[in-house]
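Next come the chains, spelled out residue by residue.
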Amino acid sequence: MTVKIDERKVFEIIEAKKPKVVLVNAPGGLLRQTKELMEHVKERYGVTAIMSGDSCFGICDTVDDDAGKLQADLALHIGHNASVEEVGDYTYLIDAVDDVEFGDVVETAAERLAPYRRIGLATFSQHLHQLGPVKERLEAKGFEVKVGRGNNLMLEGQVFGCDFSTPFPIRDEVDAFAFLGESEFHAVGLALAMGKPTFMLDPYMNEVTDMQAAADERRKRAILAVYKARDARVFGVITGLKEGQKMLGRSNWIAKRLEMSGRKVVRLAMRDVTAERLAPHREIEAFVQTACPRISVDGFTFDRPVLSIPQADALVALIEGREPGEFLERAKWIELTVGLIKR
Ligand code: SF4
């Protein structure tokens, strides 16, 4: 059971492009494999490979701009694939595939899923190749199984932590969702965005987890933060500086709405939104950040409300006397700009 980077694709790109310098970035869980890849590239082609030491949590974390600054000839973004293979001026998205099998956990899941007849499947980049086999196994057990269609950014059945646009259109056609993989992060996001019973199938532990409790907890915290923010008079509106999070239009819109309601707004921009970065801004009573929504939905370390885009929409609705509704139940919590910068 290992995660393997698509080294062959990297070699093909290097043979075609003949770079002298390559910038590489990868999420924390793939650093060891990525460093091995860098060694192989250096040994085989004499190419200088530089690893970006900045945080890399998702497909929003491409380093196309940094490749230009470092005079690299191309950039490799490891572990987050999409329906596009190239983005920006330099960047190629490189797959990393987990070879773990789902046979045993599907057996376990079949019992837990028995009360539901129609099942929607979703997963993240590393297990996409398992959607077909798992679908067949569940169908053989009598379930009706659906997988959401791919779109201009996502592959069939794929979800990111902020983008659920492939399963969203099928949510009224299924009774429950099964998420493939041991990622509570993705599974709880799916549960929140779909508003449906959602089960995480962990092939490593052969465990099936109902995500209801975790989703309820985050939903309550998200709602509480919105109501707390309603009382704030001074807001910080933060625009994320990561390449895939260029949400300046949304920041402008939210800032304007807050100012129209008599709130004071301080505009900020930063790459990583953390409690440490926000601490010096003592006069600010609540923040809205248009970077990664999961910073807000999963962020339990902030001492003041820090709202994501869906929460900010709910806040604006409240301020303007409208019902916020189920604001997390939507296809996208942020409009990732990765697809927009493809070559
Ligand atoms: S913005 Fe989306 S893709 Fe980027 S880290 Fe957050 S959840 Fe992942």
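Residues numbered from 1 in each chain as written. Predicted model: local features only at pLDDT ≥ 70, side-chain atom pairs only at ≥ 80, totals over all residues. Heavy atoms only, no water.

**A few points about the pattern of salt bridges**
With the rule as written, the count across this model stands at 26 salt bridges. Among the ionic pairs, glutamate 329 bridges to arginine 171, the shortest N-O distance being 3.2 Å. In this pair, glutamate 329 is assigned in the segment after α11 (309–319) and arginine 171 in the loop between β9 (144–147) and β10 (176–180), connecting sequence segments 158 residues apart. Classification of arginine 171 as buried rests on a relative accessible area of 19%. What emerges from the salt-bridge pattern is a single network uniting Glu184, Arg218, Arg294 and Asp298. (Salt bridge = Lys/Arg side-chain N within 4 Å of Asp/Glu carboxyl O. Helix = DSSP H or I, 4+ residues; strand = E, 2+ residues; numbered from the N terminus. Buried < 20%, exposed > 50% of the residue type's maximum accessible area, 1.4 Å probe, protein only.)

**A few points about the packing of helix α7 (residues 212–230) against α11**
Running from N to C, α7 and α11 cross one another at 45°; their axes reach a closest spacing of 9 Å. Between α7 and α11, the interaxial angle falls into the category oblique. For the crossing formed where α7 meets α11, the hand is right-handed. Between α7 and α11, the contacting residues are Ala222, Ala225, Val226, Tyr227, Ala229 and Arg230 on the first element and Gln311, Ala314, Leu315 and Leu318 on the second. In terms of residue class, the contact of α7 with α11 is built from eight nonpolar, one polar and one charged. (Axes fitted to C-alpha atoms, helices over the stretch in contact; angles between N-to-C directions. Parallel < 35°, antiparallel > 145°, perpendicular 65-115°, else oblique. Left-handed = near helix turned anticlockwise from the far one by under 90°. Contact = heavy atoms within 4.5 Å. Nonpolar A, V, L, I, M, F, W, Y, C, P; charged D, E, K, R; others polar.)

**Examining the site of the ligand**
The environment of the ligand is made up of Phe57, Gly58, Ile59, Cys60, Gly161, Cys162, Gln245, Cys292 and Arg294. Considered class by class, the residues forming the shell around the ligand number five nonpolar, three polar and one charged. Taken domain by domain, the makeup of the shell around the ligand includes at least three residues from each of domain 1 (3–96) and domain 3 (218–341). (Near = heavy atom within 4 Å. Domains from an automatic or database assignment.)

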